[in-house]
Amino acid sequence: QVQLVESGGGLVQPGGSLTLSCAASGSIFKIYTSGWYRQAPGKERELVATVATGGNTVIANSVKGRFTISRDNAKNTVYLRMNSLLPEDTAIYYCHALIQGFSSVPPRDYWGQGTQVTVSS
């Protein structure tokens, strides 16, 4: 079984920075895309950023220039560096990964439990 464990959320003042981490563990043959989504109160979950195996990234327009996604394939870990945080970045951030557990089975989606990020003075 695969698990995604997130860390790094918390309370930060506007203009501050945080780095989220998400480590995948368990039976992992290959990780395809991995990344972050967020869900603010009363809103739908939205994509923040993803990174593919080869390093190609997709960044939401709302965070472009402020957030950076990176991946350490050796550690099965994806990071989200968030700079110049705004109150509207307040949300629960969820890690996502498309993982193939064994070579004989197709990849499937996995989600972390979420980590709260609150941007407030």
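Description of the state of the cysteines
Here is step 1: For the structure shown, the criterion picks out one disulfide.
Here is step 2: Between Cys 22 and Cys 95 runs a disulfide, and the two sulfur atoms are separated by 2.0 Å. Classification of the bridge connecting Cys 22 and Cys 95 rests on its S-S torsion, roughly -85°, and on that basis the disulfide is left-handed. Here the residue Cys 22 occupies a position in strand E3 (residues 18-25), and Cys 95 occupies one in strand E9 (residues 91-100), the gap between them amounting to 73 residues.

Brief notes about the pairing of E3
A regular strand places its side chains so that they alternate between the two faces of the sheet.
Here is step 1: For strand E1 (residues 3-7) and E3, the ladder comprises five bridges, and the chain directions are antiparallel. Its bridge partner being in E3, Ser 7 is matched across the sheet by Ser 21.
Here is step 2: Bridge analysis of E3 against strand E8 (residues 77-82) gives six bridges, and the strand direction is antiparallel. The residue of E8 that forms the bridge with Cys 22 is Val 78.

Some points on unusual backbone geometry
Here is step 1: With a phi angle near 50°, Asn 76 is a residue other than glycine that sits in the positive phi range.
Here is step 2: With respect to the helices, strands and loops of the structure, Asn 76 is situated in the loop between strand E7 (67-72) and E8.
Here is step 3: One non-glycine residue, Ser 84, lies in positive phi territory at about 50°.
Here is step 4: Counting through the fold element by element, Ser 84 comes out in the loop between E8 and E9.

Reading the values: rules and limits
- Residues numbered from 1 in each chain as written.
- Predicted model: local features only at pLDDT ≥ 70, side-chain atom pairs only at ≥ 80, totals over all residues.
- Heavy atoms only, no water.
- Disulfide = S-S within 2.5 Å.
- Helix = DSSP H or I, 4+ residues; strand = E, 2+ residues; numbered from the N terminus.
- Pairing = 2+ DSSP bridges.

Honestly, it's all geometry; don't read function into it.
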